[in-house]
Amino acid sequence: MGRRKIFAGNWKMYKTYSEALELVNGLKAGLKKTAGREYILFPPSPYLKDISALCVSTPFVTGAQNMYSENQGAFTGEISPLMVKDCGASFILIGHSERRHVFHETDEDVNRKVKAALAHGIEPLLCIGELLNERENGETVSVLKRQIHGAFSGIEKSAAEKVSIAYEPVWAIGTGKVATPEIAEKAHVSIRDIIKELYGEDLALSVPILYGGSVKPDNIAGLYKMNNIDGFLVGGASLEIKGFLEIINI
Ligand code: PEP
């Protein structure tokens, strides 16, 4: 069945302004495969408006790496869904492992952000994934279940249809230790099973599930062949024009 195919680059807290412009211009110049695919760039928020402007009328769209769930208020240092939209972004990363584990965001925070994004017509890319010790203790599926139930709590099916998921095992993010295609595929199937329990088979079969965690040009081929992997969320390797083009032109 024809699920959406999504390739996304998370620039994290890297790049000066001029380097960010150089990166997006290099990607625009080198992108070859456009049919049937979506490309999302997640630059640092100070550059979001300018990068979004550079992506107009190209196959690239932009997203914010994070936002707060309120529209406005005395929340120093945060950005709101209204600001994200004003900057021309159409996606938002929610629940990235660095938000969960460095900034201690809870499943409740994630749920509030998913609801805020949906209320403002911003498409959430919901990140979930287990820690190494959770995998070693056989808790992977229960962790994914807890994170998915938490993120989708109180969300109707018609709204849940707008959410895409990125499976990002925490032990694979930024570590160079990529999940094997079989490990990733098994987790993606478990995620579809959990979505099926919550919303039924049609949504379970249509939700795009991206893999993320040390994806590089030399390890993407095996993952790309898997039936339940619908694209990639790439961190480190999305910061370099040549390498990211090899990934997105696969
Ligand atoms: C990420 O930031 O979502 C990510 C997957 O990072 P990396 O590709 O560097 O592991």
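Refer to the structure printed above.
Let me sum up the structure you'll find in this document.

Conventions used here
- Residues numbered from 1 in each chain as written.
- Predicted model: local features only at pLDDT ≥ 70, side-chain atom pairs only at ≥ 80, totals over all residues.
- Heavy atoms only, no water.
- Helix = DSSP H or I, 4+ residues; strand = E, 2+ residues; numbered from the N terminus.
- Rg over C-alpha atoms; globule rule 2.2 N^0.38 Å.
- Buried < 20%, exposed > 50% of the residue type's maximum accessible area, 1.4 Å probe, protein only.
- Contact = heavy atoms within 4.5 Å.
- Near = heavy atom within 4 Å.
- Polar contact = N/O pair within 3.5 Å; in protein donor to acceptor, adjacent residues only side chain to side chain.
- Areas by Shrake-Rupley, 256 points an atom, 1.4 Å probe, with all protein chains shown as cover.
- Nonpolar A, V, L, I, M, F, W, Y, C, P; charged D, E, K, R; others polar.
- Core = buried A, V, L, I, M, F, W, Y, C linked by side-chain atoms within 4.5 Å.
- Axes fitted to C-alpha atoms, helices over the stretch in contact; angles between N-to-C directions.
- Parallel < 35°, antiparallel > 145°, perpendicular 65-115°, else oblique.
- Left-handed = near helix turned anticlockwise from the far one by under 90°.
- Pairing = 2+ DSSP bridges.
- Arc of directions from axis to C-beta.

It is worth spelling out the overall build of the chain at this point. Of regular secondary structure, the chain possesses 12 helices and eight strands. The C-alpha radius of gyration of the chain comes to 17 Å, within 12% of the 18 Å expected for a compact globule of 250 residues. Referenced to the eigenvectors of the C-alpha coordinate spread, the extents of the chain come out at roughly 45 × 45 × 35 Å. The 250 residues of the chain split such that 53% are buried. Long-range contacts, defined here as pairs at least 24 residues apart, represent 72% of the contacts in the chain between residues at least 6 apart.

Let us look at the site of the ligand. Near the ligand lie 14 residues; those nearest to it are Lys12, Glu168, Gly174, Ser214 and Gly236. Glycine 235 is positioned with one of its backbone polar atoms (N or O) 2.8 Å from an oxygen atom of the ligand. In the complex, 98% of the free accessible area of the ligand, which totals 290 Å², lies under the protein chains. Partitioned by chemical class, the residues of the shell around the ligand number four nonpolar, eight polar and two charged.

Below, the discussion takes up the nonpolar core. One finds Phe152, Ile195 and Tyr211 to be the most contacted residues of the largest nonpolar core, which totals 64 residues. Considering each element in turn, this core owes the most residues, six residues, to helix 9 (residues 181-199). If we skip the residues at most four places from it in the chain, isoleucine 195 touches Ile148, Phe152, Ile165, Gly200, Leu203, Ala204 and Val207. If you look at the next biggest cluster of nonpolar residues, it comprises 11 residues, including Ala8, Leu93, Leu125 and Leu233.

This part takes up the packing of helix 1 (residues 17-30) against helix 2 (residues 48-55). In contact at an axis separation of 11 Å, helix 1 and helix 2 are set at 20 degrees when each is read in the N-to-C sense. Compared by their axis directions, helix 1 and helix 2 come out roughly parallel. Taken as a pair, helix 1 and helix 2 cross one another with a handedness that is right-handed. Contacts between helix 1 and helix 2 involve Tyr17, Ala20, Leu21, Val24, Asn25 and Lys28 on the former and, on the latter, Asp50, Ile51, Leu54 and Cys55. When grouped by side-chain class, the residues that make up the contact of helix 1 with helix 2 number seven nonpolar, one polar and two charged.

What follows concerns the sheet that holds strand 3 (residues 60-64). Overall, parallel pairing links the eight strands, which are arranged 1-2-3-4-5-6-7-8 in a closed barrel. Looking at each pair of strands side by side, their axes are set apart by 30 degrees on average, direction ignored. Bridge count between strand 6 (residues 164-167) and strand 7 (residues 209-212): three bridges; the pairing is parallel. Its bridge partner lying in strand 7, tyrosine 167 is registered against tyrosine 211. Lying over the sheet, helix 2 contacts strand 2 (37-42) and strand 3, oriented at roughly 165 degrees with respect to strand 3. Helix 12 (residues 241-248) rests against strand 1 (5-10), strand 2, strand 3 and strand 8 (231-234) of the sheet, and its axis sits at about 165 degrees to strand 1.

Moving on: the packing of helix 7 (residues 140-152) against helix 9. Orientation of helix 7 relative to helix 9, taken along the N-to-C sense of each, is 40 degrees, at an axis distance of 10 Å. Viewed along their axes, helix 7 and helix 9 adopt a mutual orientation that is oblique. Read as a crossing pair, helix 7 and helix 9 show a hand that is right-handed. Judged by residue contacts, Val141, Leu144, Lys145, Ile148, His149 and Phe152 of helix 7 engage Ala187, Ser190, Ile191, Ile194, Ile195, Glu197, Leu198 and Tyr199 from helix 9.

Glancing now at helix 2. Listing the buried residues of helix 2 in full gives Leu48, Ile51, Ser52 and Cys55. The buried residues of helix 2 occupy an angular sector of 105 degrees when the element is viewed end-on, so they sit on one face. Every exposed residue of helix 2 that faces more than 90 degrees away from the buried side is listed here: Lys49 and Ala53. Buried residues along helix 2 sit against helix 1, strand 2 and strand 3. Trailing helix 2 by a residue or two, serine 57 shows a phi angle of about 65 degrees, which is positive.

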